[in-house]
Amino acid sequence: MPRLSEVIAALDALWPAERAEQWDAVGTVCGDPDQEVSRVLFAVDPVQDIADEAIRLGADLLVTHHPLYLRGTTTVAASTFKGRVVHDLIKNDIALHVAHTNADTADPGVSDALAGALGLRVLRPLVPDPADEHGRRGLGRICELEHPLTLAEFAELAARRLPATAQGVRAAGDPEQPIRTVAVSGGSGDSLFGAVRAAGVDAFLTADLRHHPVSEARAEAPLALLDAAHWATEWPWCELAAAQLDEISDRHGWGLRVHVSKTVTDPWTAHAASSPAGSASRAPSDSFGAPN
């Protein structure tokens, strides 16, 4: 069995910490470099449900996409929910390692996994990494569909292929608009509208889209927008990352047992669709559409 330090070295080769954004907090949060590792669990969020799952599984290493302490802390007291996660992991000899923005821009990375889940063919990065002479690393991906779909059809396809969440997939644009090329970015992506417009794609699928940026983006260009749940757009990376570690384990003869958590850690738990009859009953008498 490999030591934790050996497994971490392999993960760092996949997602070098120096490629993370300066504001990010990646790398090993807790764990003894000399401890042996036989079982690894991948998940999006380092929350209590995932820590409990790692304990039940008998994992030695938990790898998450989101950091536990993104903005730093002055305490790991078990009276705080993040401190409780740290305490439970350490008491059960489970290391925690984070790959966040360094996994977003990797080749392959988070957006490659998202494109794969949607059945899209990746053409190139949306925002290329200037340090990559091969032009394969970078933030987001520009893709094309195998066959053109309407916006409504593509939204339905995304809702079917991404992990199920209460939110599902929202779309902004003409439902009958033909979609041939798509930019995708796992996680929050409304800061990328400029790059998406410059790419000239028909649609952009990401997460955490807000009212005013979407309204302004739609006013500036006939760009269709699809808003999926943050967790759902990043979960496919867990399967990709697990497969990468499996391959490394086989190559080195480590015999690791690598698992992907299917626990839904998206914070939204219910969704109630608007009722056409209810909307009409609330609308002012002189309104031609839904109420504000």
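Residues numbered from 1 in each chain as written. Predicted model: local features only at pLDDT ≥ 70, side-chain atom pairs only at ≥ 80, totals over all residues. Heavy atoms only, no water.

Counting residues in each nonpolar core, the largest one holds 53 residues, and the members touching the most others are Phe-42 and Leu-61. For this core, the leading source of residues is helix α9 (residues 230–252), giving nine residues. Not counting residues within four places of it along the chain, the set of residues in contact with Phe-42 comprises Trp-15, Val-63, Cys-238, Ala-241, Ala-242, Leu-245, Val-258, His-259, Val-260 and Ser-261. By size, the runner-up hydrophobic cluster in this structure holds 15 residues, among which are Cys-30, Leu-41, Ala-43 and Ile-50. (Core = buried A, V, L, I, M, F, W, Y, C linked by side-chain atoms within 4.5 Å. Buried < 20%, exposed > 50% of the residue type's maximum accessible area, 1.4 Å probe, protein only. Helix = DSSP H or I, 4+ residues; strand = E, 2+ residues; numbered from the N terminus. Contact = heavy atoms within 4.5 Å.)

Turning next to the pattern of salt bridges. Evaluated as defined, the whole model comprises eleven salt bridges. Each member of the salt-bridge network shares a partner with another, and the members are Asp-129, Asp-132 and Arg-137. (Salt bridge = Lys/Arg side-chain N within 4 Å of Asp/Glu carboxyl O.)

Here we take up the side chain of Asp-24. Mapped onto the elements, Asp-24 comes out in the loop between α1 (4–14) and β1 (27–30). Buried charge without a partner: Asp-24 forms no salt bridge, and the closest opposite charge is Arg-71, 9.4 Å away. In contact with Asp-24, not counting residues within four places along its chain, are Pro-67, Leu-70, His-100 and Thr-101. (Lys, Arg positive; Asp, Glu negative; His and termini not counted.)

Glancing now at α1. Considered for burial, the residues of α1 that qualify are Leu-4, Val-7, Ile-8, Ala-10 and Leu-11. Across the axial projection of α1, the buried residues extend over an arc of 155°, all falling on one side. Among the structural elements, β1, β3 (61–64), β4 (95–98) and α9 are those in contact with the buried residues of α1. (Arc of directions from axis to C-beta.)

For the structure shown, the criterion picks out four aromatic pairs. Measuring from ring centre to ring centre gives 6.3 Å for Phe-42 and Trp-237, while their planes differ by 80°; the resulting arrangement is edge-to-face. Placement of Phe-42 in strand β2 (residues 39–43) and of Trp-237 in helix α9 is noted, with a sequence separation of 195 residues between them. In this pair, the class of Phe-42 matches that of Trp-237, namely buried. Measuring from centroid to centroid gives 6.5 Å for Trp-231 and Trp-235, while their planes differ by 45°, and the two rings are tilted. Of this pair, Trp-231 and Trp-235 both sit in helix α9, separated by four residues, roughly a single helical turn. Accessibility classification places Trp-231 together with Trp-235 in one group, the buried group. Taken together through their ring pairs, the aromatic side chains of Trp-15, Phe-42 and Trp-237 make up a single cluster. (Phe/Tyr/Trp six-rings, centres within 6.5 Å; stacked < 30°, edge-to-face > 60°.)

Before going further, it helps to spend a moment on the packing of helix α2 (residues 48–57) against helix α3 (residues 81–91). Running from N to C, α2 and α3 cross one another at 10°; their axes reach a closest spacing of 10 Å. Taken together, the axis directions place α2 and α3 in an arrangement best described as roughly parallel. From α2, Gln-48, Ala-51, Asp-52 and Ile-55 reach across to α3, where they touch Phe-81, Arg-84, Val-85, Asp-88 and Leu-89. Along the lines of polarity and charge, the residues of the contact of α2 with α3 split into five nonpolar, one polar and three charged. (Axes fitted to C-alpha atoms, helices over the stretch in contact; angles between N-to-C directions. Parallel < 35°, antiparallel > 145°, perpendicular 65-115°, else oblique. Nonpolar A, V, L, I, M, F, W, Y, C, P; charged D, E, K, R; others polar.)

Turning next to the layout of surface pockets. Of the voids in this model, the largest pocket is the one considered here, and its volume is about 620 Å³. Lining the largest pocket are 29 residues, and of these Trp-23, His-66, Leu-70, His-100 and His-230 lie nearest its centre. The set of elements that each furnish at least two residues to the lining of the largest pocket consists of α3, α4 (101–104), β8 (178–188) and α9. Here the element with the most residues in the lining of the largest pocket is β8; it accounts for four residues. (1 Å grid on protein atoms, 1.4 Å probe; cavity = no way out; pocket = protein on both sides within 12 Å on 5 of 7 lines; lining within 4 Å. Points joined across faces, edges and corners; volume = space filled by probe spheres on them.)

Between helix α5 (residues 110–117) and α9, the shortest axis-to-axis distance is 7 Å and the interhelical angle comes to 100°. As summarised for this structure, α5 and α9 are arranged roughly perpendicular, according to the angle between their axes. Every residue of α9 that contacts α5 at Val-110, Ala-113, Leu-114 and Ala-117 is listed here: Thr-233, Glu-234, Pro-236, Trp-237 and Leu-240.

When you line up the elements, Gly-116 lands in helix α5. Along the backbone, Gly-116 and Arg-161 are 45 residues apart, and their C-alpha atoms lie at a distance of 9.8 Å.

The share of residues in the chain with pLDDT of 70 or more is 95%, and the mean pLDDT across the chain is 94. For the stretch residues 285–292, pLDDT sits under 50, and the model shows three contacts to residues farther than four places along the chain or on other chains. (pLDDT = per-residue confidence, 0-100.)

Relative to the 33 Å expected for 23 residues at 1.5 Å per residue, α9 spans 34 Å between its end C-alpha atoms, a close match to the ideal helical length. Immediately beyond the C-terminal end of α9, within one or two residues, lies Gly-253, with a positive phi of roughly 70°. (Expected span 1.5 Å × (residues − 1).)

Look at any regular strand and the pattern is simple: side chains alternate between the two faces of the sheet. With six bridges joining them, strand β5 (residues 121–128) and strand β6 (residues 138–150) adopt antiparallel strand pairing. Looking at the pairing, Arg-124 lines up with Ile-142 of β6. Of the strand pairs in this sheet, β6 and β8 are connected by six bridges, and their pairing is antiparallel. Note that in β8 the partner of Cys-143 across the bridge is Val-182. (Pairing = 2+ DSSP bridges.)

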